[in-house]
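Architecture and fold: a report
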Amino acid sequence: MEPPVAAGTLDRRLFNVSKLVEFGYDDRSRQDIPLIVTRTAGTRTTAPDPVAAAGVPVDRHLPSVRGETVRAKKDVAGRLWSALRSAPGVHGLAAGISRVALDGPVRASLDRSVPQVGAPAAWQAGHTGQGATVAVLDTGIDPTHPDLADAVVGSRDFTGSESGATDRAGHGTHVASIITGSGAASGGRYAGVAPDARLLNGKVLGDHGGGLESDVIAGMEWAVAEGADAVNLSLGSSFPSDGTEALDEAVNRLSAASDVLFVVSAGNSGPAQGSIASPGAADAALTVGAVSARDELAEFSSRGPRLGDSAIKPDITAPGVDIVAARADGSDRGTPVDDRYTSLSGTSMAAPHVAGVAAILAGQRPELGGEDLKSILMGTAVPGDGLTVYAQGAGRVDAARAVGQGVYAQPATVSNGIARWPHQDDTPIERTVTYRNVTDAPVTLALAVDVRGPSGAAAPAAMFTMDSSQVTVPARGSAPVRLVTDTSVSAPDGVYGGVLVATGPDGRAVRTPVGVVREVESYDVTMTFLDHDGEPTANYLSTLTDLANPTAHHPYDPSGSVVVRLPKGQYCLSASIQTGSRGEDRFLDTLVSEPTVPVVGDMALTFDAREGKQFGAIVDRPATQRVLTDVGFGRQTAWGGSSEILSGWDMAHLRVRPSATRAPDDEFEFRVRTTLAAPDGSGGVHPYLYNIQWSGYGRVPADLTPRVRDRELAVVHTELAATGADKKVGKDNPLVAFPTPARITEYFTPDIPWHREWVQYGPDDPEWPEAGLYTSTPRTFHLGQRVTERWYAGVFGPAFPVRDTWVGRKENTIAAQPPLFVDQAPDRFGRSRVDGFRATLYRDGQRIGESDDGYFDVPADPATYRLEVESTRSTVELSTRVSSAWTFRSEHVAVEDPKGPASPLPVMAIRFAPKLDDHNRAPAGSRFSFPIYVQRQEGARHGTLTNVTVQASYDDGATWGPVPLSGEGLNRTAHLMHPTGQGFVSLKASATDSAGNGVEQTIIRAYAVE
């Protein structure tokens, strides 16, 4: 069958539209979709290769995962999918194909920290990493940095960056110097963990810090082939993993086929439990969490247990907070200390500390393989107080202990998985732990188990037992110990974690993390999903959200019947059942929401798509075409809230099934928000729209099309001005647009917020918007209120409405994305299709650089900046070129939340509000006065306005003349004398304030005269 999501043959991310947009994989951002197609091991078939049959070239072969990357152009994606399916109308993949996955993005997630991990003690013993090689798979390495001189012995770029393998992002250089930096540029102060180790530089992340999973896999294969002893991966995906993703599989296979140790950052998704992502979720990976200088677990450090089987992850920790290390030339990542060093935090910084210690061990004992290195590092780690093994693994890495350790245990971790409830008949779990002795004398170890239960109390003595209280490991030999975990003993249910401790006569201990989950009272819930023909279907998605705990389950089985194991309690269920596929003649989708599903015993539930109903509203005037529709479910829980919202155009394929259960009215809401239009029979619509929102509380009601009267609605008269010939303006739906100029009557459900938008389409490409205008804050209309709104009334120019930080600074990055094509309303922002955009930044008169995305890395020190932006467009005859230059002072801006907004900079715009006709024209050959006002970005420190000037041009900017102004403060009036004849007025303006902030802006063809 064809399982979307949890069955595993199709990557769930391919169906997550919001994530695809976030990744930059939407239609507007790129014209292809990157995929990893995995082959079935040992499969032979005489059928044509499906990828080749679709005419899609293979981009790269990935032997470690039996796969290959393809870049499927979106116009042939349907053909590729047809080829990858086993047969038309049959659910499944073609012979020889085991999985189709998104080639998803991955991100780059010393002076005190090196002593913290015990490296100086290892150096004193003569162990500096000499003879060992570590591959750094990252954003590249700056080989010109004094700390890394002669360290890099091999390089390869897997990203196709113009800069080659050199580091422009600054992440890889920082990581590399933590491993093996000499500290030459700091007099030795910022030396790395293994200063004599060699480096392989594999650039798998581009110059902006992002990359593809396939690039990482190719880099891993290259590092193994080049003979690396350890591979550092300070990167990862953004989804928790159960250890079976492509990156996880590559780590496991390459580890099994070689002696390489893969050291992987745990990720920065803490403090959430179960947040370990790929490739840190791989069994073979040495997964590294982050601690502070005081060995306190960093809040951002991702935690276990691992998704799915509750295995112990991470494996170990290392310093990862405020780490000072090498700064790549030209990079201002982090908080620069000086020209050569910068400070960064993250598990990305923790992993190279461990990789450096691994290099020390590999140089000391070249006969050890990756599994041996992992066992020694974990067995000698220092545990943090009050932390479970699911937060810290074995503890913080300790090089001093590691280099002196003669005995170690394998496996390095004992994860016993989940024991099902009830427990009186549980079968004991037997695991063998083998102790290996690399010294020339036998060692007797005293054995003890220290495991804690869900409350932190010690586990019952009978729960974890060994076949002996001590074991003697012969010289250069090994000895097994049988560890039995018996979850049938009387004990609280929940998560158990701790260590098996083996202590030698010298007091040295080998610590092996041990864990098991004693399942709480749980039951089997059997769910069957029937399609619109009444047949069990593979085409469904389902989520069960625990109302008492922040956990969710996503059961799936391609048979259409799935059994999910749930703890006793109450759940909210949401599901989608589909028949057919988008683009097919028949496509239906039924949404299901059950507010309260009590689980008190084994139970069976059936969800029938045929019970779904159409939804919307019945209004007074004919209005049958849905323009835009949102349908959503919201459920309050003991720990917060859970919601789901679907948006689309007419959504005629969508049905909603009334609920069979209910919740208190204040804990569940079903909401429909829709805009309705009336087709006029000639391809257009009548000049009125209904904007309706209604809710059902406690459950999804049986009546999904309530009657709404005009007298119950607020009325808004909307005027749409023309910006050129043959322009249409409508909602974000090209099927419902009005030729301009137009006057529309709109009806609104009163007393609720509405985000307003009108999008413009042109005759050359009627389905692709030329421009869009949007309210920066929602508007609320009241019953009986009559409102007139005017849209697309020039002058179109820069604006700073309240909502976002349009030009701001975060740490040492200035971001400039001001809306440049906004009509005269003060509460709107706009977007436009442009021919070109350029942003240039100057610092104290010196040009820093040019950017096509508006982002600049700058020094921390205070300075005067001049930011220039310019954009041109040809699809609209007004505001064909808009430029603006802002002057302001700025210095380093510290932020508490790296994901939070930037701090606003003191920029302003000069807004023009002439009274123009419906075609944005003013009368020629006459005096013409109109208001202007200065709009300042909210949240920044502005001075008192000291000067405002305006100039006008009637020859598209070839010549300019001054414009008299009257008034004072932020609001002035401009007085022009228009020439006779048809043409355009261009405007140039400037303003300064007492704080030294200034703006100069030019708008060519601001409005027409006739």
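Residues numbered from 1 in each chain as written. Predicted model: local features only at pLDDT ≥ 70, side-chain atom pairs only at ≥ 80, totals over all residues. Heavy atoms only, no water.

- Labelled according to an unreviewed UniProt entry, the chain appears under the name Serine protease, originating from Plantactinospora mayteni.

1. Looking at unusual backbone geometry
- The step from lysine 313 to proline 314 runs through a cis peptide bond, and the omega angle for that step is 0°.
- Located in the positive-phi region is aspartate 295, a residue other than glycine, with phi close to 60°.
- Residue placement: aspartate 295 occurs in the loop between β14 (286–291) and β15 (316–319).
- The backbone phi angle of aspartate 956 is positive, close to 60°, even though this residue is not glycine.
- Looking at the secondary structure, you find aspartate 956 in the loop between β61 (945–953) and β62 (961–962).
- Since its relative accessible area comes to 33%, aspartate 956 is described here as partly exposed. (Helix = DSSP H or I, 4+ residues; strand = E, 2+ residues; numbered from the N terminus. Buried < 20%, exposed > 50% of the residue type's maximum accessible area, 1.4 Å probe, protein only.)

2. Side note on the side chain of serine 255
- Of note, serine 255 is situated in helix α8 (residues 246–257).
- Those residues in contact with serine 255 that lie beyond four places of it in its chain are Val260, Phe262 and Ala284. (Contact = heavy atoms within 4.5 Å.)

3. Some details on the pattern of salt bridges
- This model, assessed by the stated rule, comprises 41 salt bridges.
- For the salt bridge of arginine 635 with glutamate 667, the shortest nitrogen-to-oxygen distance reads 3.0 Å. Here glutamate 667 lies in the loop between β37 (654–657) and β38 (668–679) and arginine 635 lies in strand β35 (residues 625–637), a separation of 32 residues in the sequence.
- Salt-bridge contacts for arginine 1005 lead to aspartate 956; the nearest nitrogen and oxygen are separated by 3.0 Å. Of the two residues, arginine 1005 is situated in strand β66 (residues 998–1009) and aspartate 956 in the loop between β61 and β62; the sequence distance between them amounts to 49 residues.
- By relative accessible area, arginine 1005 is classed as partly exposed at 26%.
- Counted as one network, the salt bridges with shared partners bring together Lys731, Glu746, Arg756, Arg779 and Glu789. (Salt bridge = Lys/Arg side-chain N within 4 Å of Asp/Glu carboxyl O.)

4. Brief notes about helix α9 (residues 347–364)
- With 18 residues, α9 should cover 26 Å at 1.5 Å per step; its first-to-last C-alpha distance of 26 Å lies within 8% of that length.
- Of all 18 residues that make up α9, 16 are buried, and the element is covered over most of its length. (Expected span 1.5 Å × (residues − 1).)

5. A look at the sheet that holds strand β6 (residues 97–102)
- Taken together, the 4 strands give an open sheet; going across it, the order is β2-β3-β1-β6, and neighbouring strands pair in antiparallel fashion. Strand pairing shows two members of the sheet lacking a second neighbour, β2 (58–62) and β6, which therefore form its edges. When strand polarity is set aside, the average angle formed by the axes of neighbouring strands in this sheet is 25°.
- Looking at chain direction, strand β1 (residues 32–39) and β6 are connected through 5 bridges and run antiparallel. (Pairing = 2+ DSSP bridges. Axes fitted to C-alpha atoms, helices over the stretch in contact; angles between N-to-C directions.)

6. Structural notes on the UniProt feature "active site" (unreviewed entry) in the chain
- Mapped onto this numbering, the UniProt entry gives "active site" (unreviewed entry) at Asp138, His171 and Ser348. The annotated residues occupy 211 residues of the chain but converge on a single region, no pair of C-alpha atoms lying more than 9.9 Å apart.
- Checked against the element boundaries, aspartate 138 lands in strand β8 (residues 133–138).
- You can call aspartate 138 buried: its relative accessible area is 1%.
- With residues near it in sequence (within four places) discarded, aspartate 138 still touches His171, Gly172, Val175, Gly202, Lys203, Val204, Leu205 and Ser234.
- Judged by its relative accessible area of 3%, histidine 171 is buried. (UniProt positions renumbered as here; feature names shortened; annotations may be inferred.)

7. Brief notes about the packing of α9 against helix α10 (residues 370–379)
- Here α9 crosses α10 at 115°, and the two axes come no closer than 10 Å. Considering only the axes of α9 and α10, their crossing is right-handed. Listed contacts from α10 to Val354, Val357, Ala358, Leu361 and Ala362 of α9 are Leu373, Ile376 and Leu377.
- Across the contact of α9 with α10, the residue classes break down as 8 nonpolar, no polar and no charged. (Left-handed = near helix turned anticlockwise from the far one by under 90°. Nonpolar A, V, L, I, M, F, W, Y, C, P; charged D, E, K, R; others polar.)

8. Overview of the sheet that holds strand β33 (residues 588–599)
- Across the sheet, 5 strands lie side by side as β30-β29-β32-β33-β37; this open sheet has mixed pairing. The sheet terminates laterally at β30 (552–553) and β37, the two strands that pair on one side only.
- Relative to β30, strand β29 (residues 540–546) is paired through 2 bridges, and the arrangement is antiparallel. Counted as the bridge partner of threonine 545 is alanine 552 from β30.

9. As for the UniProt feature "domain: Peptidase S8/S53" (unreviewed entry) in the chain
- Summarizing the sequence annotation, UniProt attributes the feature "domain: Peptidase S8/S53" (unreviewed entry) to residues 129–395 in the numbering used throughout.
- End C-alpha to end C-alpha, residues 129–395 measures 22 Å, and it is 25% helix and 19% strand.

10. Overview of the pairing of β66
- Extensive coverage of β66 is indicated by the burial of 10 of its 12 residues.
- As judged from the 7 bridges shared by strand β56 (residues 881–890) and β66, these two strands associate in the antiparallel manner. Its bridge partner being in β66, valine 882 is matched across the sheet by isoleucine 1003.
- Note that strand β59 (residues 921–922) and β66 share 2 bridges and pair parallel. Opposite alanine 922, over in β66, you have valine 1009 as the bridge partner.
- In the sheet, strand β65 (residues 983–993) pairs with β66 via 9 bridges, with the strands oriented antiparallel. Paired with threonine 992 across the strands is glycine 998, a residue of β66.
- Linking β65 to β66, which pair antiparallel, is a turn of 4 residues; within it glycine 996 sits at a positive phi near 90°.

11. Quick notes on α8
- Taking 1.5 Å of rise per residue, the 12 residues of α8 would be expected to cover 16 Å, and the 16 Å separating its terminal C-alpha atoms lies within 8% of that figure.
- All of the buried residues along α8 are Ala246, Leu247, Asp248, Ala250, Val251, Leu254 and Ser255.

12. A word on the packing of aromatic side chains
- A complete count under the given rule lists 22 aromatic pairs for this structure.
- Seen in terms of ring centroids, phenylalanine 800 and tryptophan 886 are 5.8 Å apart; in terms of plane orientation they differ by 65°. Their pairing is edge-to-face. In this pair, phenylalanine 800 is assigned in the loop between β48 (786–791) and β49 (807–810) and tryptophan 886 in strand β56, connecting sequence segments 86 residues apart. The same class applies to phenylalanine 800 as to tryptophan 886, namely buried.
- Geometrically, the ring pair formed by phenylalanine 930 and tyrosine 1007 is edge-to-face, given 6.2 Å between the ring centres and 85° between the ring planes. Pair noted here: phenylalanine 930 is in strand β60 (residues 927–936) and tyrosine 1007 is in strand β66, with a separation of 77 residues, a long-range link.
- Overall, the relative accessible area of 2% leaves phenylalanine 930 in the buried class. (Phe/Tyr/Trp six-rings, centres within 6.5 Å; stacked < 30°, edge-to-face > 60°.)

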